[in-house]
Amino acid sequence: MLRSMYSAVSGLKTHQTRMDVIGNNIANVNTVAFKSSSVTFSDILYQTTSNASGANATTGTGGVNAKQIGLGTTAAATKVSITSAGASETTGNPFDIRLTDKNSTNFFIVNNGSENVFTRSGSFYVDGSGNLCMSSTGYTVMGWQVDETTGEIRKDTVSALRIMQEKNLTSAPEATTQATIAGVLDENDADVKSDAGKVMNLNFYDNLGYQYTAKFAIKATGTDGEYTVELTSILDSNNKNITEGFTQEQMKEIFGNTDTETIIASYSTTLPNCGYTFDPNTGNLTSAASITVTINPDGTLNDGTNKTIKDVFGVSDGNFKNIQNSAQAKNKDYEFKKVTNADGKQSYQVIKKSATNSLKFNTKDGKFESIGGGTNKSVELNLNTAKLNVNGNFANINVDFSQCLNYSGKSTIGADAGAVDGTTGKGRKLGAMTGIFIDTSGRIYGTYDNGNTELLGQIAVAQFSNASGLEKVGESCYRTTLNSGEFDGIGVEISADGSSMTTGELEMSNVDLSSEFTSMITTQRGFQANSRVITTSDTLLEELVNLKR
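Residues numbered from 1 in each chain as written. Predicted model: local features only at pLDDT ≥ 70, side-chain atom pairs only at ≥ 80, totals over all residues. Heavy atoms only, no water.

**Student:** What is the right way to read the overall build of the chain from this model?
**Tutor:** Scanning the chain from terminus to terminus reveals 6 helices and 35 strands. Here the C-alpha atoms of the chain give a radius of gyration of 46 Å, more than 25% beyond the 24 Å that 2.2 N^0.38 yields for 549 residues. For the chain, the spread of C-alpha atoms along the three principal axes comes to 170 × 50 × 35 Å. Within the chain, the fraction of its 549 residues that count as buried is 41%. For the chain, long-range pairs separated by at least 24 residues make up 61% of all intrachain contacts whose partners lie at least 6 apart in sequence. Within the chain, the 58 negative side-chain charges are centred at a point lying 4 Å from the centre of the 45 positive side-chain charges. (Helix = DSSP H or I, 4+ residues; strand = E, 2+ residues; numbered from the N terminus. Rg over C-alpha atoms; globule rule 2.2 N^0.38 Å. Buried < 20%, exposed > 50% of the residue type's maximum accessible area, 1.4 Å probe, protein only. Contact = heavy atoms within 4.5 Å. Lys, Arg positive; Asp, Glu negative; His and termini not counted. Charge placed at Lys NZ, Arg CZ, Asp CG, Glu CD.)

Here it is in structure tokens:
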């Protein structure tokens, strides 16, 4: 009878253990990534009162089985349903990540300050130091860093993912190296036929991320399908012309392979009451004293009066300054020159010598033919000149003209940074981080306001040969044991076996309440039955004691 009581006591204890496990499961029904547990019972020991015997041929008797009495039960094992994934919960938080397993059970690797532990709970945030951390514990999420030499992930020993460190907050600028001129150039466009030409602006960046504007002018030559393209100036972000004062030869180093003369202004009469008279028939300039006067290369009159072509012909301040600068530099970029016109009469003209490239179109179909002579479809904007690129911050730009067309209609021709494909060589300013996103393989990217997307790191995962052998350490984390398999310190890429990460979602608990309630009922009945064994044994003992009466 005492054996039955002690067996029942062991039954009460094991059923209480099972109830404890069920209670813990139900308590964590809404815990992120919680894995339910179950208890397996086994019998303990047996008292053998009679051993088994075999058959006896001599006496003709058969064998007898052993007589054994059981001594109760025990909780043999607590099994964690770790390979069963919970349902997904949509949160919309980009730092909430759900692991989707294909062939293996994956775990995030987090560090508690002293060791690496493992979790399925992907509720993360970025702390004040820029580290990706568990929102519940602050444990840092571990992964792989970017190799600064190659720009790719270096799969080495995992380390904390500090995705918001200072160097990641900005994206390095890039110099523009490609440009495309595209659109329709109307052969009857008044701007093209004007002295200033059809103006195009090309916005580009230097190596430091500063923006500049190269201004081009397209002018008609009088020959069908043929035009000149001239670089007139380069403006910085403050609208200052950084090529101001450059000679025609210095501008030719930057853009243009042909010297082209352009008439800026023409004068056939003098200003009223200026004291001088110009005769277009003879080409003579005479003073009030009827003395023939010549004009010096710097625009001053050679009569000792300190008069200039501004005073006599009304030449503008800008043109007069350019003429004086050319005379001082001893070049002929700007000249005040006497010429004979088509009608045989003479006049003075302000003539500018420019460096240009020849732009040609097929006169049959209006399609682009060449730029800069020959069959070239592009020319180089050479910013790497000794005078312009003093600080070494400019890169040369290959300017592609092949997308131009020469049709009759509205001119739409314009210049854009970047190659024809619209992506390469555009150049970028210094970028400030605007966001972070994580792809399905755990790669973390930063997005920047200059259009750049840069790789910041990758979340590594751990896989174990026996994930059920991991030890729960609380706070939704696990630790390796001798029966789970070891972590090699490096981890694996989650996409290696087809698994993936999904952002904006969390894995819910895999506790099945219907199963838990059913187990609760059977546990309750088991506990109740064992208690009845004890009360019944007690009654038997009471009857035994009463035999003395």
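This is not the end of the story, as more comes after the structure.
**Student:** Help me understand the layout of surface pockets in this model?
**Tutor:** To locate leftover empty space, one rolls a probe as large as a water molecule over the atoms. Volume-wise, the largest pocket comes out at about 570 Å³. Lining the largest pocket are 24 residues, with Thr243, Gly245, Phe246, Asn322 and Tyr334 positioned closest to its centre. Where the lining of the largest pocket is concerned, the elements lending two or more residues are strand E17 (226-235), helix H3 (248-254), helix H5 (317-329) and strand E23 (346-361). Tallying contributions element by element places H5 first for the lining of the largest pocket, with 6 residues. Among the residues forming the lining of the largest pocket, the class breakdown is 6 nonpolar, 12 polar and 6 charged. (1 Å grid on protein atoms, 1.4 Å probe; cavity = no way out; pocket = protein on both sides within 12 Å on 5 of 7 lines; lining within 4 Å. Points joined across faces, edges and corners; volume = space filled by probe spheres on them. Nonpolar A, V, L, I, M, F, W, Y, C, P; charged D, E, K, R; others polar.)

**Student:** Hey, could you run me through the pattern of salt bridges in this one?
**Tutor:** Between side chains of opposite charge, a pair can form as their charged atoms come close. The tally for this structure, following the rule as stated, stands at 16 salt bridges. Where glutamate 507 meets lysine 35, a salt bridge forms, and the shortest distance between an N and an O atom there is 2.4 Å. Of this pair, glutamate 507 sits in strand E35 (residues 505-507) while lysine 35 sits in the loop between helix H1 (2-27) and strand E1 (37-43), placing them 472 residues apart in sequence. One exposure class covers both glutamate 507 and lysine 35, and it is buried. Where glutamate 152 meets arginine 443, a salt bridge forms, and the shortest distance between an N and an O atom there is 4.0 Å. Here arginine 443 lies in strand E29 (residues 443-448) and glutamate 152 lies in the loop between strand E11 (140-146) and strand E12 (153-160), a separation of 291 residues in the sequence. (Salt bridge = Lys/Arg side-chain N within 4 Å of Asp/Glu carboxyl O.)

**Student:** Sorry, what's going on with a nonpolar patch on the surface here?
**Tutor:** On the surface, a nonpolar cluster with roughly 310 Å² of combined accessible area is contributed by Leu2, Tyr6 and Val9. Locating leucine 2 in the fold gives a position in helix H1. (Patch = residues over 30% accessible without salt bridge, like charges linked within 9 Å, V, L, I, M, F, W, Y side chains within 5 Å. Areas by Shrake-Rupley, 256 points an atom, 1.4 Å probe, with all protein chains shown as cover.)

**Student:** Can you walk me through unusual backbone geometry in this structure?
**Tutor:** The general pattern is negative phi for most residues beyond glycine and trans for most peptide bonds. Although it is not a glycine, asparagine 306 adopts a positive phi angle of roughly 65°. Along the polypeptide, asparagine 306 turns up in the loop between strand E21 (292-293) and helix H4 (309-313). Owing to a relative accessible area of 72%, asparagine 306 belongs among the exposed residues under this scheme. Here the phi dihedral of serine 476 falls at roughly 65°; this positive angle occurs in a residue that is not glycine. Structurally, serine 476 is set in the loop between strand E32 (471-474) and strand E33 (477-479).

**Student:** Where do I start with the pairing of strand E28 (residues 431-438) in this structure?
**Tutor:** The side chains of a regular strand alternate between the sheet's two faces. Of the strand pairs in this sheet, strand E13 (residues 170-171) and E28 are connected by 2 bridges, and their pairing is antiparallel. Residue pairing across strands places threonine 170 opposite alanine 432, the latter belonging to E28. Hairpin geometry of E28 and E29 is characterised by an intervening segment of 4 residues between the two adjacent antiparallel strands and by a positive phi of about 90° at glycine 442. (Pairing = 2+ DSSP bridges.)

**Student:** I would appreciate a short explanation of the nonpolar core in the present structure.
**Tutor:** Soluble, globular proteins show a tendency: their nonpolar side chains are buried together. The biggest cluster of nonpolar side chains holds 34 residues, and the ones touching the most others in it are Phe216, Leu231, Ile254, Leu359, Leu381, Leu383 and Phe401. The contacts of phenylalanine 216, once residues within four sequence positions are left out, are Lys198, Val199, Met200, Leu202, Val229, Glu230, Leu231, Thr232, Phe255 and Leu381. Phe95, Ile97, Leu99 and Val461 belong to the second largest nonpolar core, which has 24 residues in total. (Core = buried A, V, L, I, M, F, W, Y, C linked by side-chain atoms within 4.5 Å.)

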